[in-house]
Amino acid sequence: MASTSTAPVLRNFIAGEWREPVSRQHLDNRNPADASQLVGRFPASGPEDADLAIAAAQEAYSTWRLTPAPRRAEILFRAGQILIQRKDAFAADMTREMGKVLLEARGDVQEAIDMLFFMAGEGRRLYGQTTPSELPNKMCMTTRVPLGVAALITPWNFPMAIPSWKSAPALLCGNTVVLKAAEDAPLSAVHWVEALTEAGLPAGVINLVLGRGEECGAPLVRDPRTRIVSFTGSTAVGREVGVEAARQFKHCNLEMGGKNAIIVLDDADLEMALDGCLWGAFGTTGQRCTATSRIIVQTGLYKKFIAAFVERVKTLRLGNGLHAHTQVGPLVNEEALQKVTGYVEIGRQEGARLECGGERAIVDDLRHGYFFNPTVFSDVSPTMRIAREEIFGPVVSVIPCSGLEDAIEIANAVEYGLSSALYTANVNAAFRALRDLDTGIVYVNAPTIGAEVHLPFGGTRNTGNGHRESGLATLDVYSEWKTLYVDYSGHLQRAQIDTGE
Ligand code: NAD
């Protein structure tokens, strides 16, 4: 990272060196809580930078793939220790560049630490199988092998956690990496790469290109030298990425949008459900892929729920995420503000009842940032656009339902399938929901957010393409199975033919 007297100028990281982009052009990284504050400048990288990064990763691959997995894992472990030491500083930088409140930014760094330690442990396992042969004096086994260069494309809303979900398993399996981090969170990506490098990752094993998606992300997907593409972001971009990757038969995992619902049944513990809905809907200003953007409430509790919920929502304190009292930070940028404002207008026109919020927050210092008052719509019908489309902001729709079956039908009637939740005291209802909610993640008596790194993460339908991040499931993205047969009989043995009959 180079520094000017005003704000740092970030660089790409290629072949073990921090480098200017070939174009010498840079973009601004501004604080969404006060857009007049320049957090830094970062490269506007293009295809030439992507090309250099891929070449460096390809060169490093020949050595890295032969480095024993436990040695690779030790480097990940050391990176985790470095992050522990710098957690507070990295979290503060994260809050400054993308707005999430400090407590959550610390959680984001913690998630990267957790992932590093989890994958470091996996370095001494990375288990394959041994299985009997149908023939005598023959051994059969499987082992995971890396693929080569992995292109990792990440969004801004989990600036260190998501790069860690992808880089840690990719590196552990023996691949080398080109990370293309999001435009709204370049500084956290630089911190992430610094930690791995200081931990001892050899030159070229991880490379970082910063810039716009079409200019330096798309070339990574198109280039035949990248054999893995792991993308997290919007469904629209993910679809393009998936088509291009499929054309070249690359390993490709896509983690995309959500329209997550919490169901609250009449017998739910109301206080617990209110706490969960508040956190699920307005944590990270509603800018989580797992954010609760629909609350489906059974009619017996509906009115009482809305009254109590709206009362709580109105008490949420907006502000700069660095301030201790802040509960809800800003939206990430002007475009997000426009999008959320547009959806509130759509909700009004569709006839939903606006209970609170609904407009940009401009009191005092908030007017310098992209703040939006936490918004609740009630009397929302499942067919309205605000109940079907991803808004990605502090807007939640409350939808009445007659009971569990109706609620599950409403919950499943969207194009996305990431996360869902149910509040109930009825064990039968809980298990039916666990079975029938068509999402990759289902919670009982907890909100739709709160994933842990050692379990699979991902969604069904337009949220994903069948792969999972995190947990051991993610290893299937970053490795391939190789099947090994050793015949020690000393003569030819023919499978399926020499059956002994
Ligand atoms: P985005 O799709 O705009 O961008 C994501 C990344 O893709 C960025 O790095 C961007 O520069 C890059 N990109 C853009 N166009 C590209 C192209 N043509 N080729 C290659 N790369 C390109 O998404 P965003 O606004 O950064 O993130 C918000 C979205 O991410 C939401 O839809 C949210 O639900 C989703 N998300 C999903 C998960 C999940 O795990 N399912 C997690 C977090 C966020």
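Data block above holds the structure.
Since this is a predicted model, take the numbers as computed values, not measurements. (Residues numbered from 1 in each chain as written. Predicted model: local features only at pLDDT ≥ 70, side-chain atom pairs only at ≥ 80, totals over all residues. Heavy atoms only, no water.)

### Quick word on the pattern of salt bridges
Stage number 1. Summed over the entire model, instances satisfying the criterion amount to 27 salt bridges.
Stage number 2. A salt bridge links arginine 144 to aspartate 476; the shortest N-O distance between them is 2.9 Å. Here arginine 144 is found in strand S8 (residues 138-145), whereas its partner aspartate 476 is found in helix H13 (residues 475-478), with 332 residues between them in sequence.
Stage number 3. A relative accessible area of 16% places arginine 144 in the buried class.
Stage number 4. The partner of aspartate 275 in a salt bridge is arginine 312, and the shortest N-O contact between them spans 2.6 Å. In this pair, aspartate 275 sits in helix H8 (residues 270-282) while arginine 312 sits in helix H9 (residues 299-313), placing the two residues 37 residues apart along the sequence.
Stage number 5. Classification of aspartate 275 as partly exposed rests on a relative accessible area of 44%.
Stage number 6. Bridged by salt links that share partners, the residues Asp28, Arg30 and Arg41 form one connected network. (Salt bridge = Lys/Arg side-chain N within 4 Å of Asp/Glu carboxyl O. Helix = DSSP H or I, 4+ residues; strand = E, 2+ residues; numbered from the N terminus. Buried < 20%, exposed > 50% of the residue type's maximum accessible area, 1.4 Å probe, protein only.)

### Some details on the side chain of glutamate 104
Stage number 1. Secondary-structure assignment places glutamate 104 in helix H3 (residues 102-122).
Stage number 2. Among all residues touching glutamate 104, those that are not within four sequence positions of it are Trp279, Gly283, Thr284 and Arg288. (Contact = heavy atoms within 4.5 Å.)

### Digging into the packing of aromatic side chains
Within a pair of aromatic rings, the relevant descriptors are the distance that separates the centres and the angle that separates the planes.
Stage number 1. Going through the model one piece at a time under the given rule, you end up with six aromatic pairs.
Stage number 2. Seen in terms of ring centroids, phenylalanine 77 and phenylalanine 117 are 4.8 Å apart; in terms of plane orientation they differ by 25°. Their pairing is stacked. Here phenylalanine 77 is found in helix H2 (residues 69-98), whereas its partner phenylalanine 117 is found in helix H3, with 40 residues between them in sequence.
Stage number 3. For phenylalanine 117, a relative accessible area of 28% translates into the label partly exposed.
Stage number 4. Taken together, the ring pairs in this structure connect Phe282, Phe305 and Phe309 into an aromatic cluster.
Stage number 5. In this arrangement the basic side chain of lysine 100 is found over the ring face of phenylalanine 158, its NZ or CZ atom lying 3.8 Å from the centre. (Phe/Tyr/Trp six-rings, centres within 6.5 Å; stacked < 30°, edge-to-face > 60°. Lys NZ or Arg CZ within 6 Å of the ring centre and 35° of its normal.)

### A closer look at the site of the ligand
Stage number 1. For the ligand, the set of nearby residues contains 28 residues, the closest of which are Thr154, Glu183, Ser234, Met256 and Glu390.
Stage number 2. For the ligand, an oxygen atom lies 3.4 Å from a polar atom in the side chain of tryptophan 156.
Stage number 3. Here an oxygen atom of the ligand and a side-chain polar atom of serine 234 are 2.6 Å apart.
Stage number 4. Taken by itself the ligand offers 850 Å² of open surface, and the protein chains cover 89% of this.
Stage number 5. Because more than half of its atoms lie within 2 Å of the grid, the ligand is assigned to the largest pocket.
Stage number 6. Broken down by secondary-structure element, the contributors of at least two residues to the shell around the ligand are strand S10 (176-181), helix H6 (213-222), strand S12 (226-232) and helix H7 (235-247).
Stage number 7. Among the elements that line the shell around the ligand, the one with the most residues is H6, at four residues.
Stage number 8. Two domains each donate at least three residues to the shell around the ligand, and these are domain 1 (17-27 + 45-256 + 464-483) and domain 2 (260-444). (Near = heavy atom within 4 Å. Polar contact = N/O pair within 3.5 Å; in protein donor to acceptor, adjacent residues only side chain to side chain. Areas by Shrake-Rupley, 256 points an atom, 1.4 Å probe, with all protein chains shown as cover. 1 Å grid on protein atoms, 1.4 Å probe; cavity = no way out; pocket = protein on both sides within 12 Å on 5 of 7 lines; lining within 4 Å. Sits in = over half its atoms within 2 Å of the grid points. Domains from an automatic or database assignment.)

### Structural notes on helix H5 (residues 186-198)
Stage number 1. With 13 residues, H5 should cover 18 Å at 1.5 Å per step; its first-to-last C-alpha distance of 18 Å lies within 8% of that length.
Stage number 2. Within H5, the full set of buried residues consists of Pro186, Leu187, Ser188, Ala189, Val190, His191, Trp192, Val193, Glu194, Ala195 and Leu196.
Stage number 3. Positive phi shows up at glycine 200, right after H5, with a value of about 115°. (Expected span 1.5 Å × (residues − 1).)

### Points about a nonpolar patch on the surface
Stage number 1. A cluster of nonpolar residues, Val427, Phe431, Leu434 and Val444, forms a patch on the protein surface that exposes about 360 Å² of accessible area.
Stage number 2. In terms of residues, the nonpolar patch owes the most to one element, helix H12 (residues 427-436), which gives three residues.
Stage number 3. Here valine 427 lies in helix H12. (Patch = residues over 30% accessible without salt bridge, like charges linked within 9 Å, V, L, I, M, F, W, Y side chains within 5 Å.)

### Focus: the packing of H2 against H3
Stage number 1. Contact geometry of H2 with H3 gives a least axis separation of 8 Å together with a crossing angle of 175°. When the interaxial angle is binned, H2 and H3 end up roughly antiparallel.
Stage number 2. In terms of residue class, the contact of H2 with H3 is made up of 19 nonpolar, four polar and four charged. (Axes fitted to C-alpha atoms, helices over the stretch in contact; angles between N-to-C directions. Parallel < 35°, antiparallel > 145°, perpendicular 65-115°, else oblique. Nonpolar A, V, L, I, M, F, W, Y, C, P; charged D, E, K, R; others polar.)

### Quick word on the layout of surface pockets
Stage number 1. Within this model, the largest pocket holds a volume of roughly 1200 Å³.
Stage number 2. Lining the largest pocket we find 42 residues, and of these Trp156, Phe231, Gly233, Ser234 and Val237 sit closest to its centre.
Stage number 3. For the lining of the largest pocket, the secondary structure elements donating two or more residues are H6, S12, H7 and helix H10 (334-350).
Stage number 4. Residue composition of the lining of the largest pocket, by class: 19 nonpolar, 10 polar and 13 charged.
Stage number 5. When residues are assigned to domains, the lining of the largest pocket turns out to be shared by domain 1 (17-27 + 45-256 + 464-483) and domain 2 (260-444), each giving three or more. (Points joined across faces, edges and corners; volume = space filled by probe spheres on them.)

### Details of the packing of helix H11 (residues 404-412) against H12
Stage number 1. Packing of H11 against H12 brings their axes to within 11 Å, and their N-to-C directions diverge by 25°. If you check the angle between H11 and H12, you find them roughly parallel. You can see that H11 and H12 cross each other, and the crossing is right-handed. Touching Leu404, Ile408 and Asn412 of H11 are Ala429, Arg432, Ala433 and Asp436, all from H12.
Stage number 2. Here the residues of the contact of H11 with H12 are counted per class, giving four nonpolar, one polar and two charged. (Left-handed = near helix turned anticlockwise from the far one by under 90°.)

### Section: the sheet that holds strand S16 (residues 353-356)
Stage number 1. Reading across from one edge, S16-S17-S18-S15-S14-S20-S21 is the order of the seven strands in this open sheet, with mixed pairing throughout. Lying at the two open borders of the sheet, with one neighbouring strand each, are S16 and strand S21 (441-444). Across this sheet, the average inter-strand angle for adjacent strands is 20°, counted without regard to direction.
Stage number 2. Where strand S20 (residues 419-423) meets S21, four bridges bridge the pair, whose relative direction is parallel. Opposite leucine 422, over in S21, you have valine 444 as the bridge partner.
Stage number 3. Relative to strand S15 (residues 292-298), H9 is tilted by about 140°, and along the sheet it contacts strand S14 (260-264), S15, S16, strand S17 (375-378) and strand S18 (395-401). (Pairing = 2+ DSSP bridges.)

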